[in-house]
Amino acid sequence: MSNKTIEQYFYGQGRISVRPVGSVGNGGWRWIGDMSSLTFGGTDEQATHKESYSGQKSAVRKFSIGGDRTLNGVIHQMDTNILAELLRGTVTVIPPGTVTAETFPQTVAVGDTIKLDFPYNISDLVITDSAGSPVTLAPEHYDAFLEHGSIELLSLPSAPGALTQPLKAAYKHAGARQVAFFNAPPKEMQLRYEGINLAEGNAPVIAEFYKVSTMPLQELALITSGTEMAGMTYQAECLADASRPANGPLGRFGRFVQINPITP
């Protein structure tokens, strides 16, 4: 029998999917989008006993009493589902709609900027005053940043007729999805990596982590410079899944699967 070592290398690329712990059956997985890195590691907490009979206080026992298992990565998928998980928030769906008489602050002046209540790609904007026969502001009286629902007053109409404040706005708006920050408890998830090893002919691999607790997002880059896409640091602690046998073939934390090639 040959004892020659067969070289094997790893250059991984792949998709990461998650679903809530306790999901029934094999469904319910959701791809979390582009991740440029994902690493798994662990620390070992050890206890050491030193004897007290020789005068040297030599270590006579050292053994493991546990440790931490962690996942670290960088996510480039910027959507409300990912943000809700990383910021422990909830997602609200806002349907498109029509606003007929949104009242501005009681008195506004030239140079003021007003933020509309539904600032989601507004259209058909009409601004009037509060008189019985309202005065309509012409487009030259304001700058409207329609995609964000902001209005900057450049001037106010004069003759004919007096302007009666408060002003009012009528408009249509698009639908939206919003995330409230830190208004929900953290969720424990299952995580599955389906990858290919480019260094070994795109050989398929699978890594599964049965129970992970995601750390809150520590940084959210909102202004980006340079040539790199913004990324969000992903950090999670791998917990033991007590529903699995500790000495079973799948373990309690996770597994890595190297898939054999198809043979004729």
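The structure presented is a predicted model; accordingly, all values stated were derived computationally and were not measured.

Reading the values: rules and limits
- Residues numbered from 1 in each chain as written.
- Predicted model: local features only at pLDDT ≥ 70, side-chain atom pairs only at ≥ 80, totals over all residues.
- Heavy atoms only, no water.
- Patch = residues over 30% accessible without salt bridge, like charges linked within 9 Å, V, L, I, M, F, W, Y side chains within 5 Å.
- Areas by Shrake-Rupley, 256 points an atom, 1.4 Å probe, with all protein chains shown as cover.
- Salt bridge = Lys/Arg side-chain N within 4 Å of Asp/Glu carboxyl O.
- Helix = DSSP H or I, 4+ residues; strand = E, 2+ residues; numbered from the N terminus.
- Buried < 20%, exposed > 50% of the residue type's maximum accessible area, 1.4 Å probe, protein only.
- Contact = heavy atoms within 4.5 Å.
- Polar contact = N/O pair within 3.5 Å; in protein donor to acceptor, adjacent residues only side chain to side chain.

On the surface, Tyr11, Ile196 and Leu198 cluster together into a nonpolar patch covering about 290 Å² of accessible area. Assignment of secondary structure puts Tyr11 in the segment before strand 1 (12-20). Relative accessible area serves as the criterion here: at 52%, Tyr11 is assigned to the exposed category.

Here we take up the environment of Phe253. Relative to the helices and strands, Phe253 is located in the loop between strand 17 (232-238) and strand 18 (254-258). Linking Phe253 and Gly132, residues 121 residues apart in sequence, is a C-alpha distance of 70 Å. Setting aside residues up to four positions removed in sequence, Phe253 forms contacts with Arg69, Glu208, Phe209, Tyr210, Cys238, Leu239 and Ala240.

Take the side chain of Glu208 next. With respect to the helices and strands, the residue Glu208 is situated in strand 16 (residues 203-214). In this structure the side chain of Glu208 is engaged in a polar contact, spanning 2.5 Å, whose partner is the side chain of Arg192. Not counting residues within four places of it along the chain, the set of residues in contact with Glu208 comprises Leu191, Arg192, Phe253, Gly254 and Arg255.

So far we have only geometry, and geometry alone does not tell us how the molecule works.
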